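What follows is the residue order along each chain.
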Amino acid sequence: MAPAAQFELAQPPNDAVSSLVFAPDSSSRLLVSSWDRNVYLYDTHTASEGDGQQGSLIRTIEHRAPVLDVCFGANDDEAFSAGMDWQVLRLDLATGEQIVLSKHSAPVRRVVYSRQHSLVISASWDSTLHVHNPVDASQAPLEISLPGKPHALAASPSKLIVAMTSRLVHIYDLSALASGLASQTAPAPWQQRESSLKFLTRAVAAMPSDAGYATSSIEGRVAVEFFDASAESQARKYAFKCHRQSQPSPDGAPTDVVYPVNALAFHPTYGTFASGGGDATVALWDADAKRRMKVYQKFPDSVAALAFSADGRHLAIGVCPGFETGMEDYTGEGRTKILVRELGENEALPKGKAK
């Protein structure tokens, strides 16, 4: 059965999605973490008996507390999770076994894996990074103190980007982190920056080309920045407004309703990226041409997470109620959806560029 252009996964989480990620080697294995204290592993390509639904749930791995982030490791059967129980766990997706890599002193907001350097890095609201050797769980993690509470984390082939409160952004060289782990000596950041965005950073995504990164804020903006510190390269950085809706005000004049940009994801090949927001929309952007390529139809609820598959042919979208209308009586049960879009051949390809 050929998949539809867009379909909903069967057996979605019971509460809000915190993150989702495709496997490094398979475009059909998808991991989803949720506030319902579970990590879900799906096969997105199998048929389902559900109406308009597709895919199958391979395994559910229960945690002690809500799971805030998940990522794959060295292969499609290894994953790492972080959550409200303060722990960083290694997950064996074949058996469901869990091994504690480290414990922070506050909830762990993000976890990333660097395939190039075989490192697992976690960022906690205790204002520390932990750098782990996933091959040897007995090796003590390297702890790095941060000047602010981290809210977003991403790894490019050579760099780690940490976005914190007070508009602080630290960029670490991953090879220096690997050396620091071996010697148990915390390296200084490769660069320290102030975010181009004036409000709290919600998401960060690294360019697969290793040239830079994008950040998004709670105030409907995205910034695109570059690692190269030269004046010529820094002149290329820019920021723009997005995920806003014009609505009439009481006096009849249009006013902008501004939504948080919750998620960013770069296409693995083309250098374009997707953004998802509290306005329940997903947009595709050409980072080089500084233009919007496409806006998809509005989803039922806020877009919480995005991920491209490794082959760039699929885009996973986590949809659940956000906190845009307040937190009283909040529940994501029955309204949380995982949608997978099969991209057209040139859908994410910048205009005028050959494949």
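Going by the structure above, here's the rest.
Figured I'd write up the structure that's included with this text. (Residues numbered from 1 in each chain as written. Predicted model: local features only at pLDDT ≥ 70, side-chain atom pairs only at ≥ 80, totals over all residues. Heavy atoms only, no water.)

**Some details on the nonpolar core**
Ranked by size, the top nonpolar core spans 18 residues in total, and within it Ala 274, Val 282, Phe 299, Leu 306, Phe 308, Leu 315 and Ile 317 carry the most contacts. Mapped onto this core, the elements with two or more residues apiece are strand S24 (261-266), strand S26 (282-286), strand S28 (303-308) and strand S29 (314-319). (Core = buried A, V, L, I, M, F, W, Y, C linked by side-chain atoms within 4.5 Å. Buried < 20%, exposed > 50% of the residue type's maximum accessible area, 1.4 Å probe, protein only. Helix = DSSP H or I, 4+ residues; strand = E, 2+ residues; numbered from the N terminus.)

**Some thoughts on the side chain of Gln 191**
Within the secondary structure, Gln 191 is located in strand S17 (residues 191-194). Here Gln 191 falls in the buried class, since its relative accessible area comes to 12%. Within the structure, the side chain of Gln 191 is placed 2.8 Å from the backbone oxygen of Phe 227, a separation counted as a polar contact. When residues no more than four places from it in sequence are discounted, the contact partners of Gln 191 are Val 169, His 170, Ile 171, Phe 227 and Ala 229. (Polar contact = N/O pair within 3.5 Å; in protein donor to acceptor, adjacent residues only side chain to side chain. Contact = heavy atoms within 4.5 Å.)

**Examining the side chain of Ser 81**
Inspection of the secondary structure assignment puts Ser 81 in strand S7 (residues 78-83). Polar contacts involving the side chain of Ser 81 include one to the side chain of His 63, which spans 2.8 Å.

**A short note on the sheet that holds S7**
With antiparallel pairing, four strands are arranged side by side in an open sheet as S6-S7-S8-S9. Looking at which strands have only one partner, the edges of the open sheet turn out to be strand S6 (67-72) and strand S9 (98-103). Geometrically, the sheet is characterised by an average inter-axis angle of 25° between neighbouring strands, direction not taken into account. As paired strands, S6 and S7 are joined by five bridges and run antiparallel to one another. Residue Phe 72 lies in a different strand from S7, and its bridge partner there is Ala 79. (Pairing = 2+ DSSP bridges. Axes fitted to C-alpha atoms, helices over the stretch in contact; angles between N-to-C directions.)

**Examining helix H1 (residues 174-183)**
The complete set of buried residues in H1 reads Leu 174, Leu 177, Gly 180 and Leu 181. One face of H1 carries all of its buried residues, which in axial projection span an arc of 110°. Gln 184 sits one or two positions beyond H1 and adopts a positive phi of about 55°. (Arc of directions from axis to C-beta.)

**Observations concerning the environment of Asp 85**
When you line up the elements, Asp 85 lands in the loop between S7 and strand S8 (87-92). Through-space distance from the C-alpha of Asp 85 to that of Val 67 is 8.3 Å; in sequence the pair is 18 residues apart. What Asp 85 contacts, discounting residues up to four positions off in sequence, is Arg 64, Ala 65 and Lys 103. In terms of polar contacts, Asp 85 uses its side chain to reach the backbone amide nitrogen of Gln 87, at 3.1 Å.

**Description of the sheet that holds strand S2 (residues 17-22)**
Spatially, eight strands are ordered S2-S3-S4-S5-S1-S30-S29-S28 in an open sheet, and the strand pairing comes out mixed. Bordering the open sheet on either side are S2 and S28, each of which pairs with just one other strand. Across this sheet, the average inter-strand angle for adjacent strands is 25°, counted without regard to direction. Examined bridge by bridge, strand S4 (residues 38-47) and strand S5 (residues 53-62) share seven bridges and lie antiparallel to one another. Paired with Tyr 42 across the strands is Leu 57, a residue of S5.

**Some words on the packing of aromatic side chains**
For the coordinates displayed, the defined rule picks out seven aromatic pairs. Ring centres of Tyr 238 and Phe 240 lie 6.1 Å apart, and the angle between their planes is 25°; this geometry places the pair in the stacked category. On the basis of relative accessibility, which here comes to 13%, the residue Tyr 238 falls in the buried class. The exposure class assigned to Phe 240 is buried, which follows from its relative accessible area of 16%. In this structure, Lys 159 packs its charged tip against the face of Phe 227, placed 5.9 Å from the ring centre. Sitting over the face of the ring of Phe 226, Arg 236 holds its NZ or CZ atom 4.0 Å from the ring centroid. (Phe/Tyr/Trp six-rings, centres within 6.5 Å; stacked < 30°, edge-to-face > 60°. Lys NZ or Arg CZ within 6 Å of the ring centre and 35° of its normal.)

**A look at the pairing of S8**
Among the six residues of S8, six are classified as buried, and the element is accordingly described as predominantly covered. Both S7 and S8 contribute to a ladder of five bridges, which runs antiparallel. Each residue of the ladder has a partner; that of Phe 80, found in S8, is Arg 90. Counted along the chain from S7 to the antiparallel partner S8, the turn is three residues long, and its residue Trp 86 has a positive phi close to 75°.

In short, shape yes, function no, at least from these values alone.
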